[in-house]
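Next come the chains, spelled out residue by residue.
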Amino acid sequence: MTSWRISLPLLKIFFLAIFWVGGILKMASLQPMDRKGKKKFLAILEEHFGFSGELPYQFIVSDKNKVFVVNPEISQIPFENIRMNSIGLYLGEWNGNEIRVSIEGSQLIGRGATNNVVEVSEQDARKWLKGENLSFDGKSRGFVIIKCGDDFLGSGKGKDGVVLNFVPKARRLNVSD
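Now for a look at the structure at hand. These figures come from a predicted structure and were not determined experimentally.

1. Side note on unusual backbone geometry
The residue N65 is not glycine, and still its phi comes out positive at about 65°. Note on placement: N65 falls in the loop between strand 2 (58-62) and strand 3 (66-70). Positive phi values are uncommon outside glycine, yet N116 reaches one of about 55°. With respect to the helices and strands, the residue N116 is situated in the loop between helix 3 (103-109) and strand 6 (117-119).

2. A look at a negative patch on the surface
A surface patch of like charges, here negative, comprises E119, E122, D150 and D151. Mapped onto the secondary structure, D151 falls in strand 9 (residues 151-159).

3. What to know about the pairing of strand 3
Within strand 3, four of the five residues are buried, which leaves it mostly tucked inside the rest of the structure. Where strand 2 meets strand 3, four bridges bridge the pair, whose relative direction is antiparallel. Bridge pairing in strand 3 links I60 to F68. Taking the residues between adjacent antiparallel strands as the criterion, strand 2 and strand 3 are bridged by three residues, where N65 takes a positive phi near 65°.

4. Looking at the environment of S52
Note that S52 resides in the loop between helix 2 (35-49) and strand 2. Exposure remark for S52: the relative accessible area of 58% places this residue in the exposed category. For the pair S52 and A113, spaced 61 residues apart in sequence, the C-alpha separation works out to 7.8 Å. If sequence neighbours within four positions are ignored, S52 has contacts with E46 and G112.

Rules and cut-offs
- Residues numbered from 1 in each chain as written.
- Predicted model: local features only at pLDDT ≥ 70, side-chain atom pairs only at ≥ 80, totals over all residues.
- Heavy atoms only, no water.
- Helix = DSSP H or I, 4+ residues; strand = E, 2+ residues; numbered from the N terminus.
- Patch = residues over 30% accessible without salt bridge, like charges linked within 9 Å, V, L, I, M, F, W, Y side chains within 5 Å.
- Areas by Shrake-Rupley, 256 points an atom, 1.4 Å probe, with all protein chains shown as cover.
- Salt bridge = Lys/Arg side-chain N within 4 Å of Asp/Glu carboxyl O.
- Lys, Arg positive; Asp, Glu negative; His and termini not counted.
- Charge placed at Lys NZ, Arg CZ, Asp CG, Glu CD.
- Buried < 20%, exposed > 50% of the residue type's maximum accessible area, 1.4 Å probe, protein only.
- Pairing = 2+ DSSP bridges.
- Contact = heavy atoms within 4.5 Å.

From the geometry alone we can't say anything about function, so treat these as descriptive.
Below, the structure written as structure tokens:
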């Protein structure tokens, strides 16, 4: 019986070459957000969610408009020499005039948010975490933060009395009632 022995570094190089040639290995470019961008981002949080709290973090933005927060000391790393998909805590997606906060982003800013926060029952929270849209009697349009008791469950888009669910499929509850 023939035994194949391939060293681990050689195997890694082989698979990286396959992914690179195939165009599958495409990583996002991350850049620290400048002061002007951070000021605009925080102004939108205040305008839309009523959040005026302090976020003492370095904001990092990807070429896909994803915003991450990290320790401010990260700014000493030369990002132009590094290509990566994510770093730190994913805060949400910013398209210039709207912010869709992630589940963790809603937990970070939720306690200080005074506008566009939809309080739901435990039954509706379960539906939300299963990926279902929720009906609500609010007049909010645009992104809203979903709250159940003291817990913040992410954000959705309020439109015509319905909150459209943005919980990623990989993070949804997979249970039957």
